[in-house]
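Summary of structural features
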Amino acid sequence: MAVLELPQWTALAPALVFVATALALFVIDSINPHTRNRSLLAGTTAVGALAALGVTVWFMLAGVGTPTAEGGLGVVELFGGQFVVDQMTLFFTTVVSIVTALVAVASYDYMADHTYQSEYYSLIMLAATGMAAMAAANSLVTVFIALELASLPSYALVAILKDNRGSVEAGLKYFLIGALSSAIFLYGISLVYGATGHLQLEAIADNLDGADAYGGLLGLGILMLIGGFAYKTASVPFHFWAPEAYEGAPAPISAFLSSASKAAGFVIAFRVFTTAFPVEATTAVIGIDWTTAFVVLAIVTMTLGNFAAATQDNVKRMLAYSSIGHAGYALIGLAGLSADGGELVMGAAMMHLFVYGFMNTGAFLFVALAEYWGVGRTFEDYNGLARQAPVACAALGIFMFSLAGIPPLGGFWSKYILFTETIGAAGTNGAMLVVAAALVVNSALSLYYYSRLVKAVWIEDPIGERDALAQPIGLYAAIVVAAVLTVVALPAFGPIADAAQQAAAVAIG
Amino acid sequence: MDVPIEYFVLLSMALFSIGLFGILTRRNALLFLMSVEIMVNAANVNLIAFAFYHGNLTGQVFALFAMALAAAEVAIGLGIVLVLYRNFRDVDVTVPTTMRW
Amino acid sequence: MEGLFDYAPAIALFPLAAFVIALAFGPKLPKKGAIPGIVATGGSLLLSLAMLAAVAGGEEGYYHETLFTWAAGDAAGEIGTDAIEFTFGILIDPLAALMLVIVSLVAFLVHVFSLEYMNAEGETGLPRYYAGLGLFTFSMLAFVYADNLLMAFMFFELVGLCSFLLIGFWFRTRSAPSAAKKAFLVTRFGDYFFLIGVVAIAATFGTVQFAGEDSFVAAAAAAIDDGGQLFGFDAETWVTITGLLVLGGVIGKSAQFPLHTWLPDAMEGPTTVSALIHAATMVAAGVYLVARMFGYYALSPTALAIIAFVGGFTALFAATMGVVKDDIKQVLAYSTISQYGYMMLGLGVGGYVAGVFHLMNHAFFKALLFLGSGAVIVLMHHEQDMWKMGGLKDKAPVTYYTFLAGALALAGIVPFSGFWSKDEILYDALIVGLEQPLIMAAYAMGLIAVFFTGFYTFRMVFLTFHGEPRTETAEDPHSVGWAIKAPLLVLGVLATVAGLANLAPVAKLTGAEISFLEYWLDGEYGGLEALTYHSYHETVPFEEGAIGSETTTMLLGAGLSLGLALAGAFTAHALYNVPSPTRHTEKLGGAYDVLRSNYYQDEYQVWLAEGLTLPVARAADRFDQTVIDGAVDGVSSVSLFGGDRVKRIQSGIVTNYAALLVAGFIALLIVLGFLGGWFL
């Protein structure tokens, strides 16, 4: 594997593949405007995503990001440290590209009647580019640009059903909250820059002690950065857009946003806080341990998400709230950081995001399938679907139980490891015990509403007569693949866990 | 440098607060957009002032990026406001409330 | 010879295979599973005999092999040095080899007997019956050669399960399922203590092996020698406690007081099953376990004394109840309880050989008596009430004479097998009792029970076979075939001559070396040094006394017990060996009601269940239903209500979101800023 002989900039190949695919889609559209050739468009998108996945996996296997001491090729830094390609980058790029591929395949059927086909797919590709860039961003400049690159196409994607009031309303709310949040985020960046004089993450860390005089300014800046990340990951109190955006958006886009976009939000949060604001040095300047903020946010986010999900009637909205709850679980990864490490907790959170990527995508794609059938939106409308579509409903069972964390599914293991590592981190930070308790309580509660959906689909009798259900190939394929990945995540858990833990260890340094 | 850095920060904070106030009180989507722009510009003021203060150009360059991004954001935003008007016959952001709870 | 031991697992696996075959193909087989069962138990019998020979003729004289380790922990016990391992292994020493032969022989004969008793009678569900027998035999054989306590426990439980299945064979009746449940629950009650005992022993010594260097017996002996503390007790006290916990299982399974109540009810099963349960498997398992870990009990005089006293008491207690029963199987059931009481008495006074001897003899004569009573039941067209029989002597001579042999053995009339072993038990009890008042009491009870035994045994014989036929069926009984007669003959011979295995009194008088069983169990022909009679005998802490000389004591004891047995038999003769016997129960007065009601044992146990446990359970249930469930329901309602409230902040109006977002952010800012001192 002759990675070394390639020029340095090729380390960004996954993102470049995404952007190239987006451009290819534009080219297709300009040769044949308003083309309805869905196979070509969705195929190109899926191939592009899979190519990005292939490159990422190749990089991983070749040892990009693995420390040279362990026989790897070392971390690749680009453009004066503006970008960095390490294990964490590759780990999250994997998540993003798999989810993108699934979404592209599922959209083939879901968006069958849509007028603007090529725009839809190229927007997905551009958003994926942004997410891949987020995974590699190593400066607040690139972080912000990548974040906007991921956000702007997302706004358009959510509102892409232009004649659908729900879609437009969702797009509006998503956009308005997003604009507000990115303004806050940008202001936070400006304050951090003011306090330290740098935007590159390592440089910020190096200049923290020079910011003594501006402790409050820096603290406010950091808090505003947290706000920006909270928005991207749909965490309290910046989560308000999420229920509506996920509910109103086309279901594949909901899957895309709640899985890939959330994972990308977490990767920049992980990177910024581990690289730029080492706990000890930052605490010395701002006078308080910033993990406190994440402890509070994690508890509130998971509790709010799960409690609000418990009483939903609308399946998609239930999934939206559950997605907020899972953001709370992943936030534990940041809450558990401490001066003497915490990479185990962060690794566990990364694992959870990885598994979550599949099971949550799958769950939303099932909703996409239900919308494709036109069976309705509420739990009652889903009653008895298993009689007509056992395969998809079996997959749904896998997704739900995995989301709830029932052994032996992948979701159980990631949550279990997260729990044990949280308990382990309680040694240095007593508040983690509260976090662990909240995790358990919320998981228990989540089982209620997840199993409710399984019960509706498998046990309840249908309310009324229903016509025969079609079997769209693309959606079915995507759902089955997601289910298989969710199940396979179990035997593959050793490698995933290793990869996540290693990535976290390297990121924390 | 004659003007102390604190004044710039105060200016930017004032701008930020004005923008925030606008967001919280205006119901017109366009005014909402403009308020966000004010907040972004508050950040830009900061960036440029601090770039001057620290003596490096990072902040100024970033401010240029931020403006470009803000323009892109507005472009998307205007598009959404457009479809909002088509669907709801209004640009009042409090009107679309079909989804809640 | 040594190579033979490699086939040891097959002894238990044959019946298991028969179980599987009967279960899977039973309905399609000509005899519904009987043939595989007979072949399998026959094979087990042959292999067991080969084991016996291998033990006798081999260099080492025993076989101890761990076959499978299914769990190995890191933890050692309280005083164990090595990590605990849970294994399946085989231990074949003289005791186990002897027991294997007994079990497989009885099982084989029961299978043969079933050919006529069950098949010829046109029963339905025969594959289930034979599958049950196969599993039963498998469990018991595996229990017998288990080399550690945990494995023994597991098969002990399996034996209990099989008895449940077989007692409830006629599950469409009302009484059989109830009897099966009773048997299961009562024995499980005892097994509960057994389980605690197993855990306690494992936790204390870090091993559950019966034999070898790293056995818990050796560890316990070492601990007592060290004089240290175990879990805050003296080592010896702790050994007593754990030993008594294990004894709980024994008392349940071997139907000792107060857990004997299930056994008479277990007569609801087919008579063949009763024969198997009473002679070789279920009930024998308890006493066998005591013999198996006798080295452990030998360390604790308290435990031994309790075993002896419970045994003696049970022997008398059950014998008195047997006196007034009308059902032939009921009489036998109480005799079983009584006889196992003797075995416990024998073991409890350190008479290891005597106890095992009686276990063997009892297996033969009790199997004989049950199969004989099965034959009688066939003769009588399924009538079990002895008052409706009579005069069967001439009509079924084979049944009569074999039954008589069994009865003489049971009553302990010289020279039948039962006499020798019972006498040896009483002798062992007497010599210890002369030094220990408590044992003396146990001995006295055992002695008195001899009279009752003789009485009820012959009452049964006379009522059944002698006199005039009292019903039409008894006038013209059904005929029985070879499948019934052959097992009876085999067992009849064994019941008569099995005593020759250990003619201890004769040996003492004449000096001839003919106490073979003692030599056998003493490792003369091969065995493990630590598991031999003399090794146990050195450990048993009882002093032994004598009246005059040892021979005088022996003769006195033997004469006394024989005299009492004969007295009982002659009393029965006088009362019931007349052409038309009548009930003499009114002579007993109030005692009759007490005996007839089994000393109100069932009543008080039912009261314990209904009067005490049930209200407590009801209270617990109410607590669960109201407080616990209420709390759980409350939590869920509060959660859902809370969820319903929480989601209301999502008002749908985006300006509110912005406001809430900013408010949340400011709240966070204030908290953190205050804590971090940013505002100063």
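How each quantity is defined
- Residues numbered from 1 in each chain as written.
- Chains lettered and ligands numbered in written order.
- Predicted model: local features only at pLDDT ≥ 70, side-chain atom pairs only at ≥ 80, totals over all residues.
- Heavy atoms only, no water.
- UniProt positions renumbered as here; feature names shortened; annotations may be inferred.
- Contact = heavy atoms within 4.5 Å.
- Buried area = accessible area lost by both parts, 1.4 Å probe.
- Salt bridge = Lys/Arg side-chain N within 4 Å of Asp/Glu carboxyl O.
- Helix = DSSP H or I, 4+ residues; strand = E, 2+ residues; numbered from the N terminus.
- Buried < 20%, exposed > 50% of the residue type's maximum accessible area, 1.4 Å probe, protein only.
- Patch = residues over 30% accessible without salt bridge, like charges linked within 9 Å, V, L, I, M, F, W, Y side chains within 5 Å.
- Areas by Shrake-Rupley, 256 points an atom, 1.4 Å probe, with all protein chains shown as cover.
- Polar contact = N/O pair within 3.5 Å; in protein donor to acceptor, adjacent residues only side chain to side chain.
- Nonpolar A, V, L, I, M, F, W, Y, C, P; charged D, E, K, R; others polar.
- Phe/Tyr/Trp six-rings, centres within 6.5 Å; stacked < 30°, edge-to-face > 60°.
- Lys NZ or Arg CZ within 6 Å of the ring centre and 35° of its normal.
- 1 Å grid on protein atoms, 1.4 Å probe; cavity = no way out; pocket = protein on both sides within 12 Å on 5 of 7 lines; lining within 4 Å.
- Points joined across faces, edges and corners; volume = space filled by probe spheres on them.
- Expected span 1.5 Å × (residues − 1).

If you check an unreviewed UniProt entry, chain C appears there as Proton-translocating NADH-quinone oxidoreductase subunit L from Natronococcus jeotgali DSM 18795. Of the comments in the UniProt record for chain C, the one headed Subcellular location (unreviewed entry) reads "Membrane".

As recorded in an unreviewed UniProt entry, chain A goes by the name NAD(P)H-quinone oxidoreductase subunit 2, listed as coming from Natronococcus jeotgali DSM 18795.

Turning our eyes to something else, we now look at the interface of chain B and chain A. With 44 residues of chain B at the interface, the matching set in chain A holds 49 residues. Counting each side, the surface lost to burial between chain B and chain A is near 3,900 Å², with a carbon and sulfur contribution of 75%. Together, B:Phe62, B:Glu73 and B:Met99 form the three largest contributors to the area buried by chain B at its contact with chain A, with a combined 19%. Summed over the shared surface of chain B and chain A, the number is zero salt bridges.

A few words on the pattern of salt bridges. Going through the model one piece at a time under the given rule, you end up with 18 salt bridges over all chains. The salt bridge involving A:Arg317 is made with A:Glu247; its shortest N-O contact spans 2.7 Å. Here A:Glu247 lies in helix 9 (residues 241-248) and A:Arg317 lies in helix 13 (residues 315-335), a separation of 70 residues in the sequence. Judged by relative accessible area, which is 2%, A:Arg317 ranks as buried. With a shortest N-O distance of 3.0 Å, C:Glu157 and C:Arg188 are connected by a salt bridge. Placement of C:Glu157 in helix 5 (residues 149-167) and of C:Arg188 in helix 6 (residues 175-205) is noted, with a sequence separation of 31 residues between them.

On to a nonpolar patch on the surface. All names here are of chain A. Residues Val391, Val480, Val484 and Val488 make up a contiguous nonpolar surface patch of roughly 290 Å² in combined accessible area. The element contributing the most residues to the nonpolar patch is helix 18 (residues 473-488), with three residues. For Val480, a relative accessible area of 33% translates into the label partly exposed.

Now for the side chain of A:Gln312. Inspection of the secondary structure assignment puts A:Gln312 in the loop between helix 12 (291-310) and helix 13. Taking relative accessible area as the criterion, A:Gln312 reaches 4% and is therefore assigned buried. From its side chain, A:Gln312 meets the backbone oxygen of A:Ala308 in a polar contact 3.1 Å long. When near neighbours in sequence (up to four residues on either side) are disregarded, A:Gln312 contacts A:Arg317, A:Met318, A:Tyr321, A:Phe379, A:Arg452, B:Trp101 and C:Lys647.

This paragraph deals with the interface of chain C and chain A. Counting from both sides, the interface comprises 23 residues of chain C and, opposite them, 36 residues of chain A. Counting each side, the surface lost to burial between chain C and chain A is near 2,600 Å², with a carbon and sulfur contribution of 80%. Applying the counting criterion to the chain C and chain A interface returns zero salt bridges. Applying the counting criterion to the chain C and chain A interface returns five residue pairs in polar contact (both at pLDDT 80 or more). Breaking the side of chain C that touches chain A down by element, the ones donating at least two residues are helix 26 (601-646) and helix 27 (654-676) of chain C. The residue inventory of the side of chain C that touches chain A, partitioned by class, reads 14 nonpolar, seven polar and two charged.

Our focus in this paragraph is the packing of aromatic side chains. Taken as a whole and judged by the stated rule, the model has 66 aromatic pairs over all chains. Ring geometry for A:Tyr214 against B:Tyr53: centres 6.4 Å apart, planes inclined by 85 degrees, an arrangement best described as edge-to-face. Residue A:Tyr214 is located in the loop between helix 7 (201-206) and helix 8 (215-233), and its partner B:Tyr53 is located in helix 2 (residues 29-54); the two belong to separate chains. Judged by relative accessible area, B:Tyr53 falls into the partly exposed class, the value being 37%. Taking 5.1 Å as the distance between ring centres and 70 degrees as the angle between the ring planes, the aromatic pair formed by C:Phe294 and C:Tyr536 counts as edge-to-face. Taken together, the positions of C:Phe294 in helix 12 (residues 294-297) and C:Tyr536 in helix 23 (residues 533-539) put the pair 242 residues apart, joining distant regions of the chain. Pair check on accessibility: C:Phe294 and C:Tyr536 agree, each one buried. An aromatic cluster of at least three residues, connected via ring pairs, comprises A:Phe144, A:Phe185, A:Phe229, A:Phe273, A:Phe277, A:Trp290, A:Phe294 and B:Phe62. Positioned above the aromatic ring of C:Phe156 is the side chain of C:Lys253, whose terminal nitrogen or guanidinium carbon lies 4.4 Å from the ring centre.

A word on the layout of surface pockets. The gaps of empty space that remain are located by a probe, the size of a water molecule, rolled over the atoms. Residues and elements named next belong to chain C. Put simply, the largest pocket is a space of about 560 Å³. For the largest pocket, the lining is made up of 16 residues, of which Val186, Gln605, Val606, Leu608 and Ala609 are closest to its centre. Mapped onto the lining of the largest pocket, the elements with two or more residues apiece are helix 6 and helix 26. The biggest single contributor to the lining of the largest pocket is helix 26, with eight residues.

Along its 16 residues, helix 16 (residues 410-425) of chain A runs 22 Å from first to last C-alpha, staying within 8% of the 22 Å computed at 1.5 Å per residue. For helix 16 of chain A, the complete set of buried residues consists of A:Gly410, A:Gly411, A:Phe412, A:Ser414, A:Lys415, A:Ile417, A:Leu418, A:Glu421, A:Thr422 and A:Ala425.

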